[in-house]
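The chain contents come next:
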Amino acid sequence: MMKSKDFKQLQDCACFKVRKTSRMITQLFDHALKPSGIKATQFTLLVVLVNEGEMAIKELASSLGMDSSTLTRGIVRLEKEGLIKSREGDDARQRFVALTTKGMQQLNDSIPYWEKAQDDMKNGLSDKFPGFLDTLETVLKSQQTKF
């Protein structure tokens, strides 16, 4: 068993640091996107749909690194707002979602706010920003096959 003085090292953990950093970055983007009326999580969902087109919820969840049940709650909100639409697949257990015209407009209207947050990140990390993104991509690729 660890001695109490050794517990401090537990905060020097990849999971701890990534989750803390993720929360801080999400707060930055949420704050920047606030005038647009959507949150960073909603923005990323709309971005994936505009780039990929209609997707099964299971595929969308995988693309976003989320579980389907968490994603479904977010989809319900966006559907109520008319930003996305959903439909049943051939199998009633499968649902597909797609961006609506209103969703496309919301996304377009939100881009300047996203750009502000992205610029803040770039400015904060300066010449380390490209390496930061490369590191995140490397981690994603190395871990995707494990789950």
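Our subject is the structure that appears above.
Residues numbered from 1 in each chain as written. Predicted model: local features only at pLDDT ≥ 70, side-chain atom pairs only at ≥ 80, totals over all residues. Heavy atoms only, no water.

J.: I would appreciate a short explanation of the overall build of the chain in the present structure.
T.: A tally of helices and strands in the chain yields six helices and three strands. Dimensions of the chain, computed from C-alpha atoms along their principal axes, come out at roughly 55 × 35 × 25 Å. Of the contacts made within the chain by residues no fewer than 6 positions apart, 46% connect residues no fewer than 24 positions apart. Each charge class in the chain can be summarised by its mean position, and for the 23 positive and 19 negative side chains these summaries are 8 Å apart. (Helix = DSSP H or I, 4+ residues; strand = E, 2+ residues; numbered from the N terminus. Contact = heavy atoms within 4.5 Å. Lys, Arg positive; Asp, Glu negative; His and termini not counted. Charge placed at Lys NZ, Arg CZ, Asp CG, Glu CD.)

J.: Explain the environment of Ser-63 here, please?
T.: By secondary structure assignment, the location of Ser-63 is in helix α3 (residues 57–64). Along the chain, Ser-63 and Leu-45 lie 18 residues apart, while their C-alpha atoms are 9.3 Å from each other. Each residue touching Ser-63, except ones within four places of it in the same chain, is listed here: Val-48 and Met-55.

J.: Explain the side chain of Ser-36 here, please?
T.: Tracing the sequence through the fold places Ser-36 in the loop between α1 (14–33) and α2 (40–52). Here the side chain of Ser-36 touches Ile-38 through a polar contact of 3.5 Å, landing on its backbone nitrogen. A polar contact of 3.4 Å, which involves the side chain of Ser-36, links it to the side chain of Ser-110. In this view, Ser-36 contacts Gln-106, Ser-110 and Tyr-113; residues no more than four positions away in its chain are not counted. (Polar contact = N/O pair within 3.5 Å; in protein donor to acceptor, adjacent residues only side chain to side chain.)

J.: Would you mind going over a positive patch on the surface with me for this structure?
T.: Together, Lys-17, Arg-19, Lys-20 and Arg-23 give the surface a local cluster of positive charge. By the element assignment, Arg-23 lies in helix α1. (Patch = residues over 30% accessible without salt bridge, like charges linked within 9 Å, V, L, I, M, F, W, Y side chains within 5 Å. Areas by Shrake-Rupley, 256 points an atom, 1.4 Å probe, with all protein chains shown as cover. Salt bridge = Lys/Arg side-chain N within 4 Å of Asp/Glu carboxyl O.)

J.: Where do I start with the sheet that holds strand β3 (residues 95–99) in this structure?
T.: With antiparallel pairing, three strands are arranged side by side in an open sheet as β1-β3-β2. The open sheet has two edge strands with one neighbour each: β1 (55–56) and β2 (84–88). Helix α4 (residues 68–80) contacts β2 and β3 of the sheet and is inclined by roughly 115° relative to β2. (Pairing = 2+ DSSP bridges. Axes fitted to C-alpha atoms, helices over the stretch in contact; angles between N-to-C directions.)

J.: Explain the packing of α2 against α4 here, please?
T.: In helix packing, the relevant descriptors are the interaxial angle and the interaxial distance, both defined with respect to the helix axes. In the contact formed by α2 and α4, the axes pass within 11 Å of each other and the chain directions differ by 85°. On the basis of their axis angle, the class for α2 and α4 is roughly perpendicular. In this structure, α2 contributes Gln-42, Leu-45 and Leu-46 to the contact, and α4 contributes Leu-71, Ile-75 and Leu-78. Residues that form the contact of α2 with α4 fall into these classes: five nonpolar, one polar and no charged. (Parallel < 35°, antiparallel > 145°, perpendicular 65-115°, else oblique. Nonpolar A, V, L, I, M, F, W, Y, C, P; charged D, E, K, R; others polar.)

J.: Just checking my understanding: could you explain the pairing of β3 for this structure?
T.: Side-chain direction in a regular strand flips from residue to residue, so the side chains alternate between the two faces of the sheet. Of all five residues in β3, four are buried; the element is thus mostly enclosed. Sheet analysis places β1 next to β3, joined by two bridges and oriented antiparallel. Across the sheet, the residue bridging to Ala-56 is Phe-96, located in β3. Across five bridges, β2 lies against β3 in antiparallel orientation. Across the sheet, Glu-88 pairs through a bridge with Arg-95, a residue of β3. Counted between consecutive antiparallel strands, the loop separating β2 from β3 contains six residues. (Buried < 20%, exposed > 50% of the residue type's maximum accessible area, 1.4 Å probe, protein only.)

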